[in-house]
Amino acid sequence: MTYTFRTLACAGAFFAFSAPAMAQTEIKLGYALAEDSHYGVAAKTFEEVLKAETGDAFTVTHFPSSGLGGEREVIEGLQIGTIEATIVSSGTLANFVPETGVFDIPFLFNGFDHARAVLDGPIGQGILAKFDNVGLHGLAWGEQGFRHITNNRNAIHTPADVAGLKIRTMENPVHLAAFNAMGAAPTPMAWPEVISSLQQGVIDGQENPLSVIVSVKLNEVQKYLTLSGHVYSPAMLLVSKPFWDGLTDDQKAAFDKAATAAAAAMRGYVDNVETTGVETLKERGMEVNALSTEEKAAFQSSIASAYEDYYGTYGKDLVESIVNFE
Ligand code: PAF
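Nothing here was measured: the structure is a model prediction, and the numbers come from that model. (Residues numbered from 1 in each chain as written. Predicted model: local features only at pLDDT ≥ 70, side-chain atom pairs only at ≥ 80, totals over all residues. Heavy atoms only, no water.)

A word on the pairing of strand β8 (residues 224-240). Burial of β8 is extensive: 17 of the 17 residues sit out of reach of the surface. Alignment of strand β3 (residues 85-89) against β8, held across five bridges, turns out to be antiparallel. Across the sheet, residue serine 89 finds its bridge partner in β8, namely alanine 235. With 13 bridges connecting them, strand β4 (residues 136-151) and β8 associate as antiparallel partners. Across the sheet, residue alanine 140 finds its bridge partner in β8, namely leucine 237. Looking at chain direction, β8 and strand β9 (residues 287-290) are connected through four bridges and run parallel. (Buried < 20%, exposed > 50% of the residue type's maximum accessible area, 1.4 Å probe, protein only. Helix = DSSP H or I, 4+ residues; strand = E, 2+ residues; numbered from the N terminus. Pairing = 2+ DSSP bridges.)

So, on to helix α2 (residues 38-54). Helix length check: α2, at 17 residues, gives a terminal C-alpha distance of 24 Å against a target of 24 Å (1.5 Å per residue), a fit within 8%. Burial in α2 covers these residues: His38, Tyr39, Gly40, Ala42, Ala43, Thr45, Phe46, Val49, Leu50 and Thr54. Count one or two residues on from α2 and you reach glycine 55, which has phi positive near 65°. (Expected span 1.5 Å × (residues − 1).)

What follows is about the nonpolar core. Ranked by size, the top nonpolar core spans 49 residues in total, and within it Leu29, Phe46, Leu50, Ile87 and Phe255 carry the most contacts. A total of eleven residues in this core trace back to one element, the largest contributor, which is helix α11 (residues 249-283). Sequence-distant contacts of leucine 50, defined by excluding residues within four places in its chain, comprise Ile27, Gly55, Phe58, Val60, Ala254, Phe255 and Ala258. Of all hydrophobic cores here, the second largest spans 48 residues; its members include Leu78, Phe96, Ile149 and Ala306. (Core = buried A, V, L, I, M, F, W, Y, C linked by side-chain atoms within 4.5 Å. Contact = heavy atoms within 4.5 Å.)

As structure tokens, this is what we get:
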């Protein structure tokens, strides 16, 4: 058999295009919640868009429900390059890029539009860029929603109602300072221990947005839900910096596109659960109350001393530029 130059050139082109497909790169994507949560929906969107953009170059393996460990462990895995990607709450990220903690300050944002505008604007994007200095690469901000308190002891209307309440917080100094100032007994704990600790009565309560309370079915272990909205909870889609540095520019552009779509899907899920979540939880038997404006103001006053610490840590100018951001 004889081969023309054209045949050989075509064969060469075929192998050149098919080579990356043969060398498929696995992306282990870990997250704390189930596949039908806001994190799961974002992870699926990320996978779909990445596939549409890069064909078979990458395969995304999902590890939902803390399948690769707690959020802190997973982020450490990204830093050393044993895990490629994760979706996590900002509450954990403050341990890696301390400036992220500014978004965890209670009563900082006046609603979703305000929070999303800050994250998508220069302040949020500036903090996202800092992850490159600590072995990580922040792709996009997503969100969980505003955090609310659940517990098994009593309905909450005033700071006196949280006095001595053993409430699990994230391992985050900003949250801890706020609950200490309110007079509660905060217990920082990694998420994978929370459900069993609630079941065993080691803690009375916890705080998380409706997206988490509904998708985890916290109603099975908690009686009271107080819509306190005390903290807005951003989330982030992150990749390992060693992994990111190995990508081509075209691949990086595809990851950015996939992450932007994933973040939009996460916000879409949150928008939906914000309108349906309270009814769902009532139907599942939770006793729900919303803080009135006056009740919320009393909680804000109760953490005035913590605010002095926040100004010291993050700078009053930064905090005020977030509060006044338009
Ligand atoms: O409370 C937490 O630790 C986080 O909100 C969670 C549920 C792990 C999601 O990131």
